[in-house]
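# A look at the structure
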Amino acid sequence: MQADIDFQQLLQALGDGVIVCDAKGDITFWNAAATRIFGFTESEAIGQSLDLIIPQRQRQRHWDGYHKTMATGETRYGADVLRVPAVHKEDKPLSIAFTVALLHGPGGEVSAIVALVRDETERWGEERKLRARLAQLETAQA
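The structure contained in this document is the topic of the report that follows. (Residues numbered from 1 in each chain as written. Predicted model: local features only at pLDDT ≥ 70, side-chain atom pairs only at ≥ 80, totals over all residues. Heavy atoms only, no water.)

## Thoughts on the sheet that holds strand S2 (residues 27-30)
The antiparallel open sheet is built from 5 strands, whose spatial order is S2-S1-S5-S4-S3. Two strands lie at the open edges of the sheet, namely S2 and strand S3 (82-87), each paired on one side alone. Across the sheet, the mean angle from the axis of one strand to that of its neighbour is 35°, orientation sign disregarded. Bridge count for strand S1 (residues 17-22) against strand S5 (residues 110-119) is 6 bridges, and the pairing is antiparallel. Looking across to S5, one finds that Cys21 is bridged to Ile113. Contacting S1, strand S4 (93-104) and S5, helix H4 (residues 59-72) runs over the sheet at an angle of about 135° to S5. (Pairing = 2+ DSSP bridges. Helix = DSSP H or I, 4+ residues; strand = E, 2+ residues; numbered from the N terminus. Axes fitted to C-alpha atoms, helices over the stretch in contact; angles between N-to-C directions. Contact = heavy atoms within 4.5 Å.)

See the structure below:
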């Protein structure tokens, strides 16, 4: 038996950002966690291109992959976590991790992509410091 679930409430309550984009790459859904992560409100994000959060230097690569996914209906990131740079509203660099899921229209065509996003900026910075410290220690022992 399936419980009655308010999916809108569920998506807004999640701690991870949920972003849905249409076939063109325009944002059609943006939850509260996406606002917390990226700084853009739902009304600022809806209808905008994903370029809103993609660093300039990453955009061509992103769109090449996005359009290929839309054309083929296949993505290698459905189960694999992808870690990439992103941009906060205040132009602060972010490190995010995400997975994607494809949504299909009535004819089976890919109609949208959903991304579940987590901000890993702090963890990434801590790992960078640890790697630098380890390199210092290894150099000192050599």
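And the narrative resumes.
## With respect to the pairing of S5
Sheet topology note: the S4/S5 ladder contains 9 bridges and is antiparallel. Counterpart to Ala97 in the pairing with S5 is Arg118. In this antiparallel pair of consecutive strands, S4 and S5, the connection spans 5 residues, and Gly108 shows a positive phi of 90°.

## Considerations on unusual backbone geometry
Trans peptide bonds make up the majority, and among non-glycine residues the majority have a negative phi. Its identity as a non-glycine residue notwithstanding, Asp91 has a phi of 65°, on the positive side. You can see Asp91 is positioned in the loop between S3 and S4.

## Considerations on the layout of surface pockets
The volume enclosed by the largest pocket comes to roughly 890 Å³. Taken together, 31 residues form the lining of the largest pocket, with His62, Tyr66, Tyr77, Leu82 and Phe98 sitting closest to its centre. Considering only residue class, the lining of the largest pocket consists of 20 nonpolar, 6 polar and 5 charged. (1 Å grid on protein atoms, 1.4 Å probe; cavity = no way out; pocket = protein on both sides within 12 Å on 5 of 7 lines; lining within 4 Å. Points joined across faces, edges and corners; volume = space filled by probe spheres on them. Nonpolar A, V, L, I, M, F, W, Y, C, P; charged D, E, K, R; others polar.)

## Regarding H4
Helix length check: H4, at 14 residues, gives a terminal C-alpha distance of 20 Å against a target of 20 Å (1.5 Å per residue), a fit within 8%. For H4, every residue scored as buried is listed here: Trp63, Tyr66, Thr69 and Met70. Viewed along the axis of H4, the buried residues span an arc of 125°, placing them on a single side of the element. The outward face of H4, more than 90 degrees from its buried face, is lined by the exposed residues Gln60, Arg61, Lys68 and Ala71. If you follow the buried residues of H4, they end up packed against S1, S4 and S5. Positioned one or two residues after H4, Gly73 has a phi angle of 75°, which is positive. (Expected span 1.5 Å × (residues − 1). Buried < 20%, exposed > 50% of the residue type's maximum accessible area, 1.4 Å probe, protein only. Arc of directions from axis to C-beta.)

## Examining the pairing of S1
S1 sits mainly inside the fold: 5 of its 6 residues count as buried. Alignment of S1 against S2, held across 3 bridges, turns out to be antiparallel. Pairing of Ile19 across the sheet is with Trp30, part of S2. Counting the residues in the hairpin turn of S1 and S2 gives 4 residues, including Gly25, whose phi is positive at 100°.

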